[in-house]
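Each chain, letter by letter, is given below.
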Amino acid sequence: MYGHYAQIRPLDVANGKGIRVSVFVTGCSRGCKNCFNEIYQDPTYGDQWTEETTEELISYLDRPEVAGLTLLGGEPMENTWLADVLDEVQKKVDKPVWIYSGYTFEEILKDPDKKKLLAKCHVLVDGPFIEEQKNLKIAFRGSENQRILHVQRSLREGRPQWLEEYK
């Protein structure tokens, strides 16, 4: 069973390297102070994801100018049905997946469903948004505590491994 999503941006340059397709899912229990997508915390907000939505996503990703997919929200790690969507997408399109989560890499590893979703991704931007550490000058993060991690290397090593170009 799929959950809800608020929007799909077919051409987005703000949420990862290059031109990306960004999917904003809904539902988040983290409650970060001054969340920039507060309305997306409601898991029933937006539209129900369907097989047709997956096909639409694949068609956007199949365009040559698109570098990859970004999952954010809401909280993707509270929408682990995305692992099934990625299974379908990755059968047809081979492009890197970025995922943004308020959960840290270490927290994700403790939950088998979250870890399964993470394993299908390439880059993780992890950690809660912390208002007191907000920094508009850092790439692809909202606050300085957040990390941009190389997922597969981190999983192999069993500990967070920064994506070198953003360290």
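All figures in this text were calculated on a predicted structure; none of them were measured in a lab. (Residues numbered from 1 in each chain as written. Predicted model: local features only at pLDDT ≥ 70, side-chain atom pairs only at ≥ 80, totals over all residues. Heavy atoms only, no water.)

Engineer: Looking at this structure, how should I read the overall build of the protein chain?
Structural biologist: Looking only at helices and strands, one finds five helices and seven strands in the protein chain. Beginning at the N terminus, the succession of helices and strands in the protein chain can be written as β-β-β-α-β-α-β-α-α-β-β-α. The C-alpha radius of gyration of the protein chain comes to 15 Å, within 12% of the 15 Å expected for a compact globule of 167 residues. Principal-axis analysis of the C-alpha atoms places the extent of the protein chain at approximately 40 × 30 × 30 Å. Counting over 167 residues, the protein chain shows a buried share of 46%. Long-range contacts, defined as pairs at least 24 residues apart, comprise 65% of the intrachain contacts of the protein chain with a sequence gap of at least 6. For the protein chain, the accessible area works out to roughly 8400 Å², and carbon and sulfur atoms hold 49% of it. (Helix = DSSP H or I, 4+ residues; strand = E, 2+ residues; numbered from the N terminus. Rg over C-alpha atoms; globule rule 2.2 N^0.38 Å. Buried < 20%, exposed > 50% of the residue type's maximum accessible area, 1.4 Å probe, protein only. Contact = heavy atoms within 4.5 Å. Areas by Shrake-Rupley, 256 points an atom, 1.4 Å probe, with all protein chains shown as cover.)

Engineer: Looking at this structure, how should I read the side chain of Thr53?
Structural biologist: Secondary-structure assignment places Thr53 in helix H1 (residues 51-61). A relative accessible area of 5% means that Thr53 is categorised as buried.

Engineer: Just checking my understanding: could you explain the sheet that holds strand E4 (residues 68-73) for this structure?
Structural biologist: Backbone hydrogen bonds are what pair the strands of a sheet, in a parallel or an antiparallel way. As summarised here, the arrangement of the seven strands in space is E3-E1-E2-E4-E5-E6-E7, forming an open sheet in which the pairing is mixed. Across the chains shown, the open sheet's two edge strands, defined by having one partner strand only, are strand E3 (47-48) and strand E7 (147-150). Pairing between strand E6 (residues 123-126) and E7: four bridges, direction antiparallel. Looking across to E7, one finds that Leu124 is bridged to Leu149. Sheet strands in contact with helix H2 (residues 82-92) are strand E2 (20-25), E4 and strand E5 (97-101), and its direction is about 170 degrees off that of E4. (Pairing = 2+ DSSP bridges. Axes fitted to C-alpha atoms, helices over the stretch in contact; angles between N-to-C directions.)

Engineer: Would you explain the pattern of salt bridges in this entry?
Structural biologist: Pairs may arise between side chains of opposite charge once their charged atoms sit close together. This model, assessed by the stated rule, comprises 12 salt bridges. Between Asp12 and Arg9 there is a salt bridge whose closest N-O contact spans 3.8 Å. Accessibility expressed as a relative area gives 4% for Asp12, which makes it buried. Arg9 gets classed as partly exposed once you look at its relative accessible area, which sits at 31%. (Salt bridge = Lys/Arg side-chain N within 4 Å of Asp/Glu carboxyl O.)

Engineer: Sorry if this is basic, but what is going on with the packing of H1 against H2 here?
Structural biologist: The description of two packed helices rests on the angle between their axes and on the distance between the axes. Two elements in contact, H1 and H2, have axes separated by 10 Å at closest approach and are oriented at 40 degrees. Accordingly, the angle class assigned to the pair H1 and H2 is oblique. The way H1 lies across H2 gives a crossing that is right-handed. Side by side, H1 and H2 meet where Thr54, Glu55, Leu57, Ile58 and Leu61 of the first sit next to Val85, Glu88, Val89 and Lys92 of the second. (Parallel < 35°, antiparallel > 145°, perpendicular 65-115°, else oblique. Left-handed = near helix turned anticlockwise from the far one by under 90°.)

Engineer: Just checking my understanding: could you explain H1 for this structure?
Structural biologist: Residues separated by three or four positions in an α-helix point in the same direction, a consequence of the helix having 3.6 residues per turn. Inspection of H1 places Thr53, Thr54, Leu57, Ile58, Tyr60 and Leu61 among the buried residues, and these make up the whole buried set. Buried residues of H1, viewed axially, fall in a sector of 160 degrees; they line one side. (Arc of directions from axis to C-beta.)

Engineer: Looking at this model, I keep getting lost on a nonpolar patch on the surface. Mind explaining?
Structural biologist: Where nonpolar side chains cluster on the molecular surface, the patch consists of Leu11, Val13 and Ile19 and spans about 270 Å² of accessible area. Looking at the element boundaries, Val13 is found in the loop between strand E1 (4-12) and E2. (Patch = residues over 30% accessible without salt bridge, like charges linked within 9 Å, V, L, I, M, F, W, Y side chains within 5 Å.)

Engineer: So what exactly am I meant to see when it comes to H2 here?
Structural biologist: Those residues of H2 that sit buried are Leu82, Ala83, Val85, Leu86 and Val89. Projection of H2 onto a plane perpendicular to its axis shows the buried side chains occupying an angular sector of 150 degrees, all on one side. Residues of H2 that are exposed and angled more than 90 degrees away from the buried face: Lys91 and Lys92. Where H2 is buried, its residues touch E2, H1, E4, E5 and helix H4 (112-118).

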